[in-house]
Amino acid sequence: RGHAIIMAHRDFSWMQDGGVEGVPLSAEMQQSYQAAAQRASPSSALHVIDRFPITQDQWDYMVDSTVAPCFLQKGMSVFDAGCGAGAYLDSILRMNPELDLSVHGIDFAPGLIDIAKQRLPEGSDLSVGDAREYKHVPSDSYDVALSFGVFFYFDGEQDVRQGLKELARVCKPGGRVMVGRMNTKEVIEEIPSHVMKRNYAAYFPRQTRVDSRTFWQKEAAAAGLEFESVKSMDELYDLHRCSDLAMGRLRHCAYFRKPKEEAKASNQTRLDKGGVGCGTCGAEAAGLRCSRCKVTWYCSKQCQRSDWKHHKLSCRETEEAHVEGTADGSGRDTGGK
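To keep things clear, this report deals only with the structure shown in the data block. Small disclaimer: the values here were computed from a predicted structure and weren't measured.

**Overview of the nonpolar core**
Phe79, Trp216 and Phe256 are the most contacted members of the largest nonpolar core, which has 80 residues in total. Discounting residues that sit within four places of it in the chain, Phe256 has contacts with Leu164, Gly175, Arg176, Val177, Val179, Trp216, Ala220, Leu225, Glu226, Phe227 and Glu228.

**Re the pairing of strand E2 (residues 102–107)**
Across the six residues that make up E2, a large majority, five, are buried. Regarding topology, helix H5 (residues 87–95) serves as the crossover connection from strand E1 (residues 77–81) to the parallel E2, and that connection is right-handed. As judged from the four bridges shared by E2 and strand E3 (residues 125–128), these two strands associate in the parallel manner. Paired with Gly105 across the strands is Leu126, a residue of E3. Traced from E2 through helix H6 (residues 110–119) to E3, the parallel crossover comes out right-handed.

**Section: the packing of aromatic side chains**
Inspection of the entire model under this criterion finds 17 aromatic pairs. When the centroid spacing of 6.5 Å and the interplanar angle of 45° are considered together, the rings of Tyr33 and Phe108 count as tilted. Taken together, the residues span a long stretch of sequence, with Tyr33 in helix H2 (residues 25–39) and Phe108 in the loop between E2 and H6 at a distance of 75 residues. Here Tyr33 and Phe108 have matching classes, each one buried. Ring geometry for Phe151 and Phe154: centres 4.7 Å apart, planes at 40°, overall tilted. Phe154 carries the same exposure label as Phe151, and that label is buried. An aromatic cluster is defined as three or more aromatic residues linked by ring pairs; in this entry it consists of Tyr33, Phe108, Phe152, Tyr153 and Tyr203. Note that Arg51 overlies the ring of Tyr33, its terminal NZ or CZ placed 4.2 Å from the centroid.

**A look at the environment of Lys172**
In this fold, Lys172 is placed in strand E5 (residues 171–183). Separated by 29 residues in sequence, Lys172 and Asp143 have C-alpha atoms that sit 5.5 Å apart. Apart from residues lying up to four places away in sequence, Lys172 is in contact with Ser77, Asp140, Ser141, Tyr142, Asp143 and Lys258.

**What about the packing of H2 against H6?**
With their axes 7 Å apart at the nearest point, H2 and H6 run at an angle of 40° to one another. Our classification of the angle between H2 and H6 gives oblique. Residue-level inspection shows Tyr33, Gln34 and Ala37 of H2 in contact with H6, the latter providing Pro110, Gly111, Leu112 and Ile115. Split into classes, the residues belonging to the contact of H2 with H6 amount to five nonpolar, two polar and no charged.

**Thoughts on unusual backbone geometry**
Look at Asp140: it is not a glycine, yet its phi comes out positive at around 50°. With respect to the helices and strands, Asp140 occurs in the loop between E3 and strand E4 (142–148). Despite not being glycine, Ser243 shows a phi value in the positive range, around 50°. Along the chain, Ser243 turns up in the loop between helix H11 (233–236) and helix H12 (245–248).

**Some details on H2**
A rise of 1.5 Å per residue sets the reference length of H2, with its 15 residues, at 21 Å; its end C-alpha atoms lie 21 Å apart and thus fit the reference within 8%. Taken together, the buried positions of H2 are occupied by Leu25, Ser26, Glu28, Met29, Ser32, Tyr33, Ala36 and Ala37. Residues of H2 that are buried make contact with helix H3 (46–49) and H6.

**Some remarks on the sheet that holds E4**
If you walk across this open sheet you meet the seven strands as E3-E2-E1-E4-E5-E7-E6, and the pairing is mixed. One side of each edge strand has no neighbouring strand; the edge strands of this open sheet are E3 and strand E6 (226–232). Taking each pair of neighbouring strands and ignoring which way they run, the sheet shows an average axis angle of 15°. Bridge analysis of E5 against strand E7 (residues 251–257) gives six bridges, and the strand direction is antiparallel. Across the sheet, the residue bridging to Arg176 is Arg257, located in E7. Each of E4, E5 and E7 is contacted by helix H4 (residues 56–67), which is oriented at about 125° to E4, the strand it contacts most.

Thresholds applied
- Residues numbered from 1 in each chain as written.
- Predicted model: local features only at pLDDT ≥ 70, side-chain atom pairs only at ≥ 80, totals over all residues.
- Heavy atoms only, no water.
- Core = buried A, V, L, I, M, F, W, Y, C linked by side-chain atoms within 4.5 Å.
- Buried < 20%, exposed > 50% of the residue type's maximum accessible area, 1.4 Å probe, protein only.
- Contact = heavy atoms within 4.5 Å.
- Helix = DSSP H or I, 4+ residues; strand = E, 2+ residues; numbered from the N terminus.
- Right-handed = clockwise from strand over helix to strand, strands pointing away.
- Pairing = 2+ DSSP bridges.
- Phe/Tyr/Trp six-rings, centres within 6.5 Å; stacked < 30°, edge-to-face > 60°.
- Lys NZ or Arg CZ within 6 Å of the ring centre and 35° of its normal.
- Axes fitted to C-alpha atoms, helices over the stretch in contact; angles between N-to-C directions.
- Parallel < 35°, antiparallel > 145°, perpendicular 65-115°, else oblique.
- Nonpolar A, V, L, I, M, F, W, Y, C, P; charged D, E, K, R; others polar.
- Expected span 1.5 Å × (residues − 1).

The analysis is restricted to geometry; functional conclusions fall outside its scope.
Now the structure itself:
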């Protein structure tokens, strides 16, 4: 019933924003979110202002489920790039009062930052900034650096790479990085254009999308991060429970760890010597190679099994691969799952 009330009283005119060809989507959406801030009521739920028209319980469940792989602990600091009105940070703080967390957020819409400053606890560090570059935020400062539902507003994959590098920069060595609710290219490209036009917001076809099977694994090292995992939204939470069937099935979250300096130096030495990283965790591979595609390596059977759901979509399961087995010098058939 609560969801029905929210839907009945929401203005969805913003779904027509971002459809102007020739104008960068990021610029259009900045104006759109600034307008949303100006229209917001003081009593509006923060996540509704940030355009998640679901109940507070549903939103809290979504946040709790997606931040869990970041392993929040007592006294940690959390940075949110593209924090909007502060909905994600607000949920983290309310659901984990015993952790005594400190939070920092930036957003490109000044009006949303004004709302966040009014609604988040005193001491929250909030400022105007673009999630692709925020030089005013010091490096190596936060235990967790994340961005949720923002990167798809960037103007192409190069912006996504820059955004990931910025999250990595402000994260402390040993800390966690999350890019949350990113568009899944391999799923979206299966949607017929007429279905896309009829059922989705005007800006959606223009949003940036990446191949969740390969993009983050490749970009992690360039950003100075260790890739940990990619999880579709339905792996993280029940889409039905969140009323998120339409969009949740099209998106994913990527998780990383910023290595401590000594580990980073050791890893770079290994790469310089031509070493191969595990396709799941990025650690040094221990001779386990997929016997089908002969491309992806793993450090353990556990890592290989955990990656199979994603890897099987790109694995070249040809008859030739089955016949050749594991002619990789290891003498071990690692199989495909």
